[in-house]
Amino acid sequence: MIWSKEETLSREEMEALQLERLKETVFRVYERVEPYRRKMDEAGVKPEDIKSLSDLKKLPFVTKQDLRDNYPFGLFAVPKDDLLRIHASSGTTGKPTVVGYTKADMDVWTECVSRIACAGGAKPTDVAQICFGYGMFTGALGLHYGLENIGATIVPSSTGNSEKQLMYMKDFGTTLLVATPSYALRLAEVAREIGIDPKKDLNVKIGLVGSELLTDAMRDEMHKYWGDDMIITSNYGMSELMGPGVSGECECLDGMHINEDYFLPEIINPETGEVLPEGEWGELVVTSIKREALPLIRYRTRDITRLKYGKCKCGRTTVRMENLSGRSDDMLKVRGVNVFPSQIEEVVLSVEGLGPHYEIVVERDGYSDKLTIRVELAKATDSFKELEKIEKDIKGKLRIVLGLDAKIQLESPNTLARFEGKAKRVRDLRKGV
């Protein structure tokens with residue numbers, strides 16, 4: 001089901017709408033937001049210089065640090081009295097990033113999430129269980145309002161107490177699960193431990209997963225637990241831009257459709273800032289072009305992807321972004337080699353005998369980096385021959401993918417930490433790196 005006509009506009013119609021909204025946004029932030037005005041003046045660009053979409057590259061970038069430097073409301077374009085909602089990041093590495101919404105912003109947010117939910121197969125008849133944490137995190141309430149808007153019944157179960165989550169699923173007839181990929185796997189794991197077969201005893205047919213990277217290998221692992229007929233789509237967003245609803249996969253699984261009448265995407269070289277041609281991999285930069293409270297111009301997401309134009313088999317004409325290959329700020333440099341956690345996950349999930357849980361540990365041994373991959377066995381075994389084969393398989397595949405040797409630490413089942421929210425897979429113990 002396609003939710004709105006804007007998802008099927010021609011390229012000419014979309015670009016005309018984008019340009020109109022871009023010009024209005026640039027004029028508004030220049031007049032109302034002093035830090036933006038200062039940045040633009042330093043870059044030698046005025047609002048009237050933006051005459052075409054190609055002029056977007058003249059504008060300076062905005063980063064998460066700009067939000068922190070202007071904490072809490074310094075980048076807002078409306079008075080605090082106009083805000084209907086405030087959200088914030090956890091702020092575990094410094095000042096939190098604070099975001100706000102007017103009534104119009106809330107309506108846009110709901111519209112965008114309704115679109116990506118429908119693209120992922122959601123219907124008014126669904127019973128949607130939301131296993132994101134409610135609170136300052138935007139994920140739960142964003143999906144809640146969007147799914148409610150299309151008519152779905154909401155079970156706002158939040159996170160924690162997995163056995164009770166499964167009870168709700170069984171008793172309420174949950175058909176749609178909202179969770180991180182890792183927590184969806186954890187729920188399936190707990191279900192089996194207490195004698196519930198997710199494929200046979202539950203009625204969950206749709207997974208709208210987000211908040212962490214969904215690799216093809218992780219999707220395959222979810223199908224293994226929840227059933228091959230489950231529709232599993234990834235959706236993308238971040239609180240700085242709005243929350244969930246920036247983009248989402250349709251059932252064709254050919255990239256995440258960007259709501260580009262609200263979000264104008266670019267791909268840049270993360271090192272030089274140069275705008276890259278269509279189809280090249282780079283860092284996603286997004287400009288919000290219809291947001292009242294906190295319009296962000298050329299926001300550097302640090303996420304690595306590429307853009308695909310052209311009509312999708314689903315009928316939507318909006319540009320699609322590939323599922324992320326990682327984040328530029330999550331990338332590890334180990335012995336001079338760029339390593340993305342997603343590369344390691346793909347290898348771990350491809351080796352027979354291993355479960356989906358892993359941890360990456362990087363240490364400094366003298367002047368050299370040491371990479372250790374802790375991985376759980378799918379089932380306990382005392383067979384030295386079997387353990388040796390598993391270790392040899394994962395080492396060989398990692399050497400091909402990364403060009404590096406890594407120490408493999410095989411762990412017993414249920415040894416590594418489980419996560420209800422975003423999984424923490426990396427421990428970088430090097431100092432000054």
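Going along each chain's sequence as written, the residues are numbered from 1 onward. Predicted model: local features are reported for residues with pLDDT of at least 70 only, side-chain atom pairs are reported and counted for 80 or more only, and whole-chain, interface and lining totals are derived from all residues. The basis for every side-chain value is the complete set of heavy atoms in the structure, and neither hydrogens nor water enter the calculation.

## A few points about the nonpolar core
By size, the foremost hydrophobic cluster in this structure holds 67 residues, and its most contacted members are Leu-147 and Phe-263. Numbering of helices and strands runs from the N terminus; a helix is a DSSP stretch of H or I covering at least four residues, while a strand is a stretch of E covering at least two. Sort the elements by how many residues they give to this core and helix H4 (residues 103-119) lands first, with seven residues. Ignoring sequence-local partners within four residues, the contact set of Phe-263 consists of Cys-112, Leu-241, Met-242, Gly-245, Val-246, Ile-258, Val-286, Thr-287, Ser-288 and Ile-289. Among the buried residues, those of types Ala, Val, Leu, Ile, Met, Phe, Trp, Tyr and Cys that are joined through side-chain atoms within 4.5 Å form a nonpolar core. Burial classes: relative accessible area under 20% of the type maximum marks a residue as buried, over 50% as exposed, and values in between as partly exposed (1.4 Å probe, protein chains only). Two residues qualify as a contact provided that any one of their heavy atoms is within 4.5 Å of a heavy atom in the partner residue.

## A word on the sheet that holds strand E21 (residues 426-428)
In space, the four strands of this open sheet follow the order E20-E19-E18-E21, with mixed pairing throughout. A single partner strand is all that each edge strand has here, and the edge strands are strand E20 (407-411) and E21. Across this sheet, the average inter-strand angle for adjacent strands is 15°, counted without regard to direction. The pairing criterion for strands is at least two bridges between them, as found by DSSP. Judged from the five bridges that link them, strand E19 (residues 368-377) and E20 form a sheet pairing that is parallel. Within E20, the residue paired with Val-375 across the bridge is Leu-410. Inter-axis angles, ranging from 0 to 180 degrees, are taken between N-to-C directions of lines fitted to C-alpha atoms, where helices are fitted over the stretch in contact.

## Structural notes on the pattern of salt bridges
Any Lys or Arg side-chain nitrogen located within 4 Å of an Asp or Glu carboxyl oxygen qualifies as a salt bridge. On inspection of all chains with the given rule, the structure shows 37 salt bridges. Residue Glu-7 is joined to Arg-316 by a salt bridge in which the shortest nitrogen-to-oxygen separation is 2.9 Å. Here Glu-7 is found in the segment before helix H1 (11-32), whereas its partner Arg-316 is found in the loop between strand E13 (307-308) and strand E14 (320-321), with 309 residues between them in sequence. Under the relative-accessibility criterion, Arg-316 is labelled buried at 3%. In this structure, the salt-bridge partner of Lys-103 is Asp-107, at a minimum N-O distance of 2.9 Å. Here Lys-103 and its partner Asp-107 are both found in helix H4, four residues apart, which amounts to about one turn of the helix. A single network of salt bridges, built from pairs that share partners, joins Lys-5, Glu-6, Glu-111, Arg-115 and Asp-261.

## Let's talk about the packing of H1 against helix H2 (residues 34-43)
Where H1 meets H2, the closest approach of the two axes is 6 Å, and the angle between their N-to-C directions is 105°. With respect to their mutual orientation, H1 and H2 come out roughly perpendicular. On the side of H1, the interface is formed by Val-26, Val-29, Tyr-30, Glu-31 and Arg-32, while H2 contributes Glu-34, Tyr-36, Arg-37, Met-40 and Asp-41. For this classification, under 35 degrees means roughly parallel, over 145 means roughly antiparallel, 65 to 115 means roughly perpendicular, and everything else is oblique.

## Regarding H1
Multiplying 1.5 Å by the helix residue count minus one yields the expected span of that helix. Between its terminal C-alpha atoms H1 stretches 31 Å, which fits the 32 Å expected from 22 residues at 1.5 Å a residue. Here H1 has its buried residues at Met-14, Leu-17, Gln-18, Leu-19, Arg-21, Leu-22, Thr-25, Val-26, Arg-28, Val-29 and Tyr-30.

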